[in-house]
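Commentary on secondary and tertiary structure
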Amino acid sequence: MKVTTAALPLLPLCQRLLPGLPALPGLPGLPGLPGLTSLAGLPGRLTGLSMTLLKASALEVAILAGHLLLYPSGIIQERRSASALPPAESDDPHTSPPAPRLPAPTSPPVILLHGFIDNRSVFLLLRRSLAQHGRHQIESLNYSPLTCDIRTAAELLGRHVEEICERTGSERVDVVGHSLGGLIARYYVQRLGGDLRVRTLVTLGTPHAGTRVVPLANAHPIVRQMRPGSAVLEELTLPSPGCRTQFVSFWSDLDRVMDPLETACLDHPDLSVQNVRVSGIGHLALPVHPAVATGIREALDTVAPQTGNGRGERAGGLTVA
């Protein structure tokens, strides 16, 4: 490939698009200029990047279309299952003895919490995956699209958690929150004492540090609470000593709802956090893709030490495209 000085103005842009380009020795006549000898492979890299973006975008459109069809089915709050507690023993000698009680499940109930302007229908495939792998106590909470305050939604989640614990006899629950749902659950855990009830909180594409996407959406109060520097997000940076909840945050390198992308990583000195990078899919695919569902199951089945790591460490990653 012939390189001329006409290409020099493009080099900073290329290096920004491909931050992995190494600093290499300069070419004759261009001493010390980094990255020039890697330009030969630039078209192939850009083609690969474009194909990945194209696939991810097509998947997002397909998921959005399917979700619009399913959306009406999730508007109504789901019916609650009967209590898992055994029936009381009868003193009547003529009644048949109760059937032997099955061993209590070792896994706590799972609560699924959807994102902004959404409902429980987004978790159809994830719910099925969890149920197929032994999670039979799964419930979704719908909060109103008119909800204007993360704090209010977190209080609603707290009442929902208490009701589930009373009905099932479980002392703790696991929570999976997509986007805004993860932020609501985090507020409940950190600011409303929810760490006593929530064993593991898995967040999917949640703006832990705030997102700057779609400035015009600031007309909605709850969107303003998801902006960097909001009062709610500042509350979440306050100390949370002794927090008992284990956090696992999945974030995607192609999530266009997160701006910047790293805002979906959770970093707090008092929390036990694992950040998992997902490569190849966008925001809408996080609660739908089977590879992410596998990662969620593994996160829920893994009980980590309940101590803060101080850095929000990365815990490997998933490549799904």
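Rules used throughout
Residues numbered from 1 in each chain as written. Predicted model: local features only at pLDDT ≥ 70, side-chain atom pairs only at ≥ 80, totals over all residues. Heavy atoms only, no water. Patch = residues over 30% accessible without salt bridge, like charges linked within 9 Å, V, L, I, M, F, W, Y side chains within 5 Å. Areas by Shrake-Rupley, 256 points an atom, 1.4 Å probe, with all protein chains shown as cover. Salt bridge = Lys/Arg side-chain N within 4 Å of Asp/Glu carboxyl O. Helix = DSSP H or I, 4+ residues; strand = E, 2+ residues; numbered from the N terminus. Axes fitted to C-alpha atoms, helices over the stretch in contact; angles between N-to-C directions. Parallel < 35°, antiparallel > 145°, perpendicular 65-115°, else oblique. Left-handed = near helix turned anticlockwise from the far one by under 90°. Contact = heavy atoms within 4.5 Å. Nonpolar A, V, L, I, M, F, W, Y, C, P; charged D, E, K, R; others polar. Buried < 20%, exposed > 50% of the residue type's maximum accessible area, 1.4 Å probe, protein only. Pairing = 2+ DSSP bridges. Right-handed = clockwise from strand over helix to strand, strands pointing away. Expected span 1.5 Å × (residues − 1). Polar contact = N/O pair within 3.5 Å; in protein donor to acceptor, adjacent residues only side chain to side chain. Core = buried A, V, L, I, M, F, W, Y, C linked by side-chain atoms within 4.5 Å.

1. Observations concerning a nonpolar patch on the surface
Side chains of Leu-70, Leu-124 and Leu-125 sit close together on the surface and give an oily, nonpolar patch of about 230 Å² of accessible area. Along the chain, Leu-124 turns up in helix 3 (residues 124-132).

2. Considering the packing of helix 3 against helix 8 (residues 290-301)
Here helix 3 crosses helix 8 at 50°, and the two axes come no closer than 10 Å. In terms of axis orientation, helix 3 runs oblique to helix 8. At the point where helix 3 passes helix 8, the crossing takes the right-handed sense. Across the interface between the two elements, Leu-126, Ser-129 and Leu-130 of helix 3 pack against Ala-293, Ile-296, Arg-297 and Leu-300 of helix 8. When the residues that make up the contact of helix 3 with helix 8 are grouped by side-chain class, the tally is 5 nonpolar, 1 polar and 1 charged.

3. Observations concerning the packing of helix 4 (residues 150-168) against helix 5 (residues 180-191)
Two numbers describe how helix 4 lies on helix 5: the axes approach to 8 Å, and their chain directions differ by 70°. With respect to helix 5, the axis of helix 4 lies roughly perpendicular. From helix 4, Ile-150, Arg-151, Ala-153, Ala-154, Leu-157, Gly-158, Val-161 and Glu-162 reach across to helix 5, where they touch Leu-180, Leu-183, Ile-184, Ala-185, Tyr-187 and Tyr-188. Along the lines of polarity and charge, the residues of the contact of helix 4 with helix 5 split into 11 nonpolar, 1 polar and 2 charged.

4. Brief notes about the pattern of salt bridges
In total, this model carries 11 salt bridges according to the counting rule given. With its nearest N and O atoms 2.8 Å apart, the salt bridge here joins Glu-139 to Arg-167. With Glu-139 in strand 2 (residues 138-141) and Arg-167 in helix 4, this pair connects stretches of sequence that are 28 residues apart. For Arg-167, a relative accessible area of 11% corresponds to the buried category.

5. Looking at the pairing of strand 2
Alternating positions in strand 2 separate into two faces, Ile-138 and Ser-140 on one and Glu-139 and Leu-141 on the other, with burial throughout. Strand direction decides the pairing type here: strand 1 (residues 110-113) and strand 2, joined by 4 bridges, are parallel. Across the sheet, the residue bridging to Val-110 is Ile-138, located in strand 2. Each parallel crossover has a hand, and for strand 1 linked through helix 3 to strand 2 it is right-handed.

6. Here we look at unusual backbone geometry
Cis geometry marks the peptide bond from Asp-259 to Pro-260; its omega dihedral reads 5°. The backbone of Ile-117 sits at a positive phi, close to 50°, despite the residue not being glycine. Mapped onto the elements of the fold, Ile-117 is located in the loop between strand 1 and helix 3. Phi is positive for Val-214, which is not a glycine, with a value near 50°. In this fold, Val-214 is placed in the loop between strand 4 (198-204) and helix 6 (221-224).

7. Comments concerning the side chain of Thr-147
Along the polypeptide, Thr-147 turns up in the loop between strand 2 and helix 4. A residue is classified by how much of its surface remains accessible, and Thr-147, at 15% relative accessible area, is buried. Those residues in contact with Thr-147, other than ones at most four positions away along the chain, are Ala-153, His-220 and Ile-222.

8. Observations regarding helix 4
For helix 4, spanning 19 residues, the distance from its first C-alpha to its last is 27 Å, which sits close to the expected 27 Å at 1.5 Å a residue. Structurally, helix 4 contributes buried residues whose contacts are with strand 1, strand 2, strand 3 (173-178), helix 5, helix 6 and helix 7 (231-236). Two or three places before Arg-151, at the opening of helix 4, Asp-149 has a side-chain oxygen 3.2 Å from that residue's backbone nitrogen. Looking one or two residues past helix 4, Gly-169 carries a phi angle of roughly 80°, positive in sign.

9. Considerations on the pairing of strand 5 (residues 246-252)
Residues in a regular strand project their side chains so that they alternate between the two faces of the sheet. Here strand 5 lies mainly inside the structure; 7 of its 7 residues are buried. Both faces of strand 5 are covered, namely the face carrying Gln-246, Val-248, Phe-250 and Ser-252 and the face carrying Phe-247, Ser-249 and Trp-251. Two elements, strand 4 and strand 5, share 5 bridges in a ladder whose sense is parallel. Counted as the bridge partner of Thr-203 is Ser-249 from strand 5.

10. Structural notes on the nonpolar core
The biggest cluster of nonpolar side chains holds 33 residues, and the ones touching the most others in it are Ile-150, Leu-157, Val-173, Leu-180, Ile-184 and Phe-247. Listing elements by their share of this core, those giving two or more residues are strand 1, helix 4, strand 3, helix 5, strand 4, helix 6 and helix 7. Non-local contacts of Phe-247, meaning those with residues more than four positions away in its chain, are made with Arg-186, Val-189, Leu-201, Leu-266, Leu-271, Ser-272, Val-273 and Gln-274.

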